[in-house]
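Structural features, examined
So you can see what is in the structure, the chains are spelled out below.
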Amino acid sequence: MHYNGSSCNGCDIEVLACLTPMYDVERFGIINTGNPKHADILLVTGSINHQGVEIVRNLYNQMPEPKVVVALGVCATSGGVFAPCYNVKGGADKVIPVDVYVPGCAVRPEAIIDGIVKGIGVLEEKRKIMTETKTEA
Amino acid sequence: MESILYGLIYIVLAPFVGGLLAGVDRIITARMQRRVGPPLLQPFYDVLKLLQKKTIQTNRFQAPYVICHLIFMVFTGFLFFEGSDILLTFFVLAVSSIFFILAAYSSKSPFSFLGAERELLLVMAYEPMVLITLVGFFKITGSFHVYHIIASGIPMIVYLPGIFLGFLYILTIKFRKSPFDLSYSHHAHQEIVKGITTDMTGSTLAMIEIAHWYENVFLLGFIFMFFSFNIWIGIGVTLAVYFLEILIDNAFAREKWEFVLRTSWIAAFLLGGGNLVLLYIFYR
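Note that this is a predicted model, so its numbers are computed, not measured.

1. Here we look at the overall build of chain B
Each helix and strand in chain B was counted, giving eleven helices and zero strands. Its helices and strands taken in sequence order, chain B reads α-α-α-α-α-α-α-α-α-α-α from the N to the C terminus. Its C-alpha atoms give chain B a radius of gyration of 19 Å, near enough to 19 Å, the size a compact globule of 284 residues would have. Projected onto its principal axes, the C-alpha positions of chain B cover 60 × 45 × 40 Å.

The following block contains the structure:
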C-alpha cells in the first residue's frame, strides 16, 4: 500500500513507474492495494505534516501484523529540505516505526524495488518472531 | 461408490488446480500487458502468507460466515463431481454466495456494505441464465442428474448453443472478471471494487481465496458438461473458455451495475430463452 504524506509527487510517480511493464514489481509477487487490511508493506512518500499524522497512524494501525513500513525518498526518511518548515513534523519515523529507509530525490524505481524486497526480508523475520512467540504462549 | 470417489478427488485436488489456474491467469494477464508477471506458484505463496497473518475481525460473526461460505462452496463442487442433482448443486452454490454476502454485511464499513449490495445485484443478474441453462439440460436428457447428463453422451453444445453463449456471458460475473467485477475482483483493487472483502484480513481472506479456487474449478467443470461427449474436446474447450475470460478481463473496462443487470438479462432471455423456445418447437 502507498501513502502520500506531503510529497511533491516526484516519488509517487516513481512508485507508479514500478508497476509499469518496464519495472513490473509483480515479478516479485508485489501488487499495489488501496486497502490497509490487505496490505503487508506500507510505502510512505513525502514528509509528514501535522494534518497527516492521524491519517498515517490510522492506516498503520489498520494493517494486520506482521507489517513493514518503507520510507521512500529523502522527505519521508528525514523530512528533507522541508524539515525546518513550521507545518512539517519530519520523516515518517516521527509517527510510525519505519523498517527500511530508501533515500533519493526523487527516489529511483530500482531503489524502490530494492527497498521493498528488503522490506519483504524484514516481513519474513517479523513473521518468524510472531509465530515463535505464539508457540511459546 | 465410485462417484463419491470423484467428489473426494475434487475436494483434495481442486485447490491445487484452482491455485495453478490462478497462477497461469496472473502470468497470461501480465504477458497481455507486456509484463513478465509473478511466479506460477505466487497464488499459493499469497494464501500461505495470509494464513500466517494476524486476523482482525470487526464482528465475531464474520469468521463463521466465511467458514460457511467455504464449506458450502466445497459442498457444491462435491455434489457436482459426485454426479448428483444439478439443481441442488446450484442452490447450494447460492447458499454459499449468500454467506459471503452476510459476512460482508456483518462489518460496519460502508465499503463492505456497498460491496455486499453490488454482489446481491450480481446474483440477481446471473441467476436467470443459470436456471435457463439447467432447464435446457433437463429438456435434452430428461434428467437433472450430472451423472445421467454426462452418461447420455449427447453433444449438448449442438442442442444448446444459445444457452452456452448466454452462460459464457454470466461466467464473466462468476469468474470475477472485468467488465463485471463490481463487488470482488481477483486482482488487487481499491475499496469499492473489492468492497465485499474490505474488512476481511488474514485467514478469513485466505478462506475467501480458496473458496474462489474451488468455485472456478466447479464452473470449468460445468463448462465441460456442454462438451462431455468427448473428454479431450471438453478439456480443450474448457481451457479455451478460461483463456477467453482472461482476454475479456484485459480488454474491457468495468461497467456500471445497470449495464450488467440489463445485458445479462437480455442475454439470458434472448440467447437462453430463444434456445429453449426452439427446443420446445423442434425437439420433442
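Structure's up, so let's keep going.
2. Here's the deal with the pattern of salt bridges
As enumerated under the stated definition, the model contains 13 salt bridges over all chains in all. Measuring nitrogen to oxygen at the nearest pair gives 2.9 Å for the salt bridge that ties Asp24 of chain A to Arg35 of chain B. Note that Asp24 of chain A is positioned in the loop between α1 (10-19) and β2 (41-45) and Arg35 of chain B in the loop between α1 (2-32) and α2 (42-52), a pairing that runs across two chains. The same class applies to Asp24 of chain A and to Arg35 of chain B, which are both buried. A salt bridge links Glu54 of chain A to Arg57 of chain A; the shortest N-O distance between them is 3.3 Å. Placement of both Glu54 of chain A and Arg57 of chain A in helix α2 (residues 53-62) is noted, with a separation of three residues, approximately one turn of the helix. A relative accessible area of 51% means that Glu54 of chain A is categorised as exposed. Arg57 of chain A sits in the partly exposed class, given a relative accessible area of 32%. Here the salt bridges share partners, and the residues they tie into one network are Asp24 and Glu26 of chain A together with Arg26, Arg35 and Asp46 of chain B.

3. A few points about the packing of α1 of chain B against helix α9 (residues 202-226) of chain B
Residues and elements named next belong to chain B. With their axes 8 Å apart at the nearest point, α1 and α9 run at an angle of 95° to one another. With respect to α9, the axis of α1 lies roughly perpendicular. Within the contact between the two elements, α1 uses Tyr10, Ile11, Ala14, Pro15, Val17, Gly18, Gly19, Leu21 and Ala22 and α9 uses Trp213, Tyr214, Val217, Phe218 and Leu220.

4. Some remarks on unusual backbone geometry
That bond from Glu65 of chain A to Pro66 of chain A is cis: its omega, -10°, falls within 30 degrees of zero. When you line up the elements, Pro66 of chain A lands in the loop between α2 and β4 (68-72). Here the amide bond leading from Cys105 of chain A into Ala106 of chain A is cis, since omega sits at -10°, within 30 degrees of zero. Look at Asp24 of chain A: it is not a glycine, yet its phi comes out positive at around 45°. The phi dihedral of Arg34 of chain B falls on the positive side, at around 60°, and the residue is not glycine.

5. Remarks on the interface of chain B and chain A
Contact with chain B, which involves 25 residues of that partner, is made by 23 residues of chain A. Taking both partners together, chain B and chain A bury about 2000 Å²; carbon and sulfur atoms supply 49% of that area. Our enumeration of links across chain B and chain A arrives at five salt bridges. Here Arg26 of chain B and Glu26 of chain A are joined by a salt bridge, their closest N and O atoms 2.9 Å apart. One can count twelve residue pairs in polar contact (both at pLDDT 80 or more) joining chain B with chain A. When residues in the side of chain B that touches chain A are grouped by element, the largest group, three residues, is from α2 of chain B.

6. A look at the pairing of β2 of chain A
All names here are of chain A. Along β2, five of the five residues are buried, which leaves the element largely enclosed by surrounding structure. Where burial is concerned, the two faces of β2 agree: the one with Ile41, Leu43 and Thr45 and the one with Leu42 and Val44 are both buried. Here five bridges tie β2 to β4, and the two strands are oriented parallel to one another. When the sheet's bridge partners are listed, Thr45 is paired in β4 with Leu72.

7. Remarks on the state of the cysteines
Residue and element names in this part refer to chain A. Tallied over the full model, the rule gives zero disulfides over all chains. Left unpaired, Cys85 is separated from the closest cysteine sulfur, that of Cys75, by 9.7 Å. According to the relative accessible area criterion, Cys85 is partly exposed, its value standing at 32%.

Calculation notes
- Residues numbered from 1 in each chain as written.
- Chains lettered and ligands numbered in written order.
- Predicted model: local features only at pLDDT ≥ 70, side-chain atom pairs only at ≥ 80, totals over all residues.
- Heavy atoms only, no water.
- Helix = DSSP H or I, 4+ residues; strand = E, 2+ residues; numbered from the N terminus.
- Rg over C-alpha atoms; globule rule 2.2 N^0.38 Å.
- Salt bridge = Lys/Arg side-chain N within 4 Å of Asp/Glu carboxyl O.
- Buried < 20%, exposed > 50% of the residue type's maximum accessible area, 1.4 Å probe, protein only.
- Axes fitted to C-alpha atoms, helices over the stretch in contact; angles between N-to-C directions.
- Parallel < 35°, antiparallel > 145°, perpendicular 65-115°, else oblique.
- Contact = heavy atoms within 4.5 Å.
- Buried area = accessible area lost by both parts, 1.4 Å probe.
- Polar contact = N/O pair within 3.5 Å; in protein donor to acceptor, adjacent residues only side chain to side chain.
- Pairing = 2+ DSSP bridges.
- Disulfide = S-S within 2.5 Å.

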